[in-house]
Amino acid sequence: MAGEREGGNRPERAHAGGGPARVRLDQPRPTRRRLLPEWDPEAFGRLSERIARFLGTGRFIVWMTIVIILWVVWNIFAPGALRFDQYPFIFLTLMLSLQASYAAPLILLAQNRQDDRDRVNLEQDRKQNERSIADTEYLTREIAALRIGLGEVATRDWIRSELQDMVKELEERRDGDGHPHGNGPGHRHGNGHGPGVFPADRTAGRDVEDR
């Protein structure tokens, strides 16, 4: 058992046939040394954006103009031993070229990052617009359904008009039935056993037709 434990902690050796050792998938791969320096792309991108923003401001133009004027004035009017860039100012030209060679890639990198952000923002805006359109269509369908449902609901004015029509119809029927009780010719009061029958005749056992 102890041998098995010791053997389990040791790395696996090559196969008996002399082939390469198997790669252990349950263990992380060892880090490899890189000759090139490593940097954080995000941090480098933020730095390039800061530089590009500074290069695009009036402050940078003013400072660069002041430095160039001082450079030229010093190398023209200073004593010969103190001049470090004689006319035609080759060192100044080299510095400006070096600045331009670094500024152009930094500006391009900042523009690329801005384009990526704009693309992401446009995609989010497009999705938001799609959701807004879907919500608007849903609300439009719901409002149309409510309008259809309200069109079938009896409102107070409609019920009032229907009741008024029914009252008018009842009044017309009452007026069209004839004379009121006790005023028509040949109309006699009875107890529901037939018109024209007197109570005295019914008690005497005589029928109206015999008379």
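Quick look at the structure, then. Within each chain, residues carry numbers counting from 1 in the order of the written sequence. Reporting in this predicted model follows two pLDDT cut-offs: at least 70 for local features of residues, and 80 or more for side-chain atom pairs to be given and counted; totals over whole chains, interfaces and linings ignore these cut-offs and use all residues. As a rule here, side-chain values come from all non-hydrogen atoms in the structure, and water together with hydrogens is ignored.

**Side note on unusual backbone geometry**
To keep things clear, this is the line we draw: Each helix is a run of H or I in the DSSP string that is no shorter than four residues. Each strand is a run of E no shorter than two, and both are numbered from the N terminus. Note on classification: 1.4 Å probe, protein chains only; a residue is buried when its accessible area is under 20% of the maximum for its type, exposed when over 50%, partly exposed between these limits.
The omega torsion of the bond from Y87 to P88 falls at 20°, within 30 degrees of zero and hence cis. Structurally, the position occupied by P88 is in the loop between helix 3 (58–77) and helix 4 (90–151). Phi at F89 is positive, roughly 60°, even though this residue is not glycine. For F89, a relative accessible area of 10% gives the class buried.

**Things to note about the side chain of S48**
Take S48: it is sitting in helix 2 (residues 41–55). The exposure class assigned to S48 is buried, which follows from its relative accessible area of 1%.

**A few points about a nonpolar patch on the surface**
This is how it is decided: Here, patches come from residues exposed beyond 30% relative accessible area and free of salt bridges, joined within 9 Å for like charges and within 5 Å for nonpolar side chains (Val, Leu, Ile, Met, Phe, Trp, Tyr). What sets the accessible areas is the Shrake-Rupley method with a 1.4 Å probe; for residues, cover comes only from the shown protein chains. For salt bridges, the criterion is a side-chain nitrogen of Lys or Arg within 4 Å of an Asp or Glu carboxyl oxygen.
There is a patch of nonpolar side chains on the surface, built from W74, L82, F84, F91, L94, M95, L98 and Y102 and spanning about 840 Å² of accessible area. Ranked by residues supplied to the nonpolar patch, first place goes to helix 4 with 5 residues. Its place among the elements puts L98 in helix 4. Looking at L98, the relative accessible area reads 42%, which means it is partly exposed.

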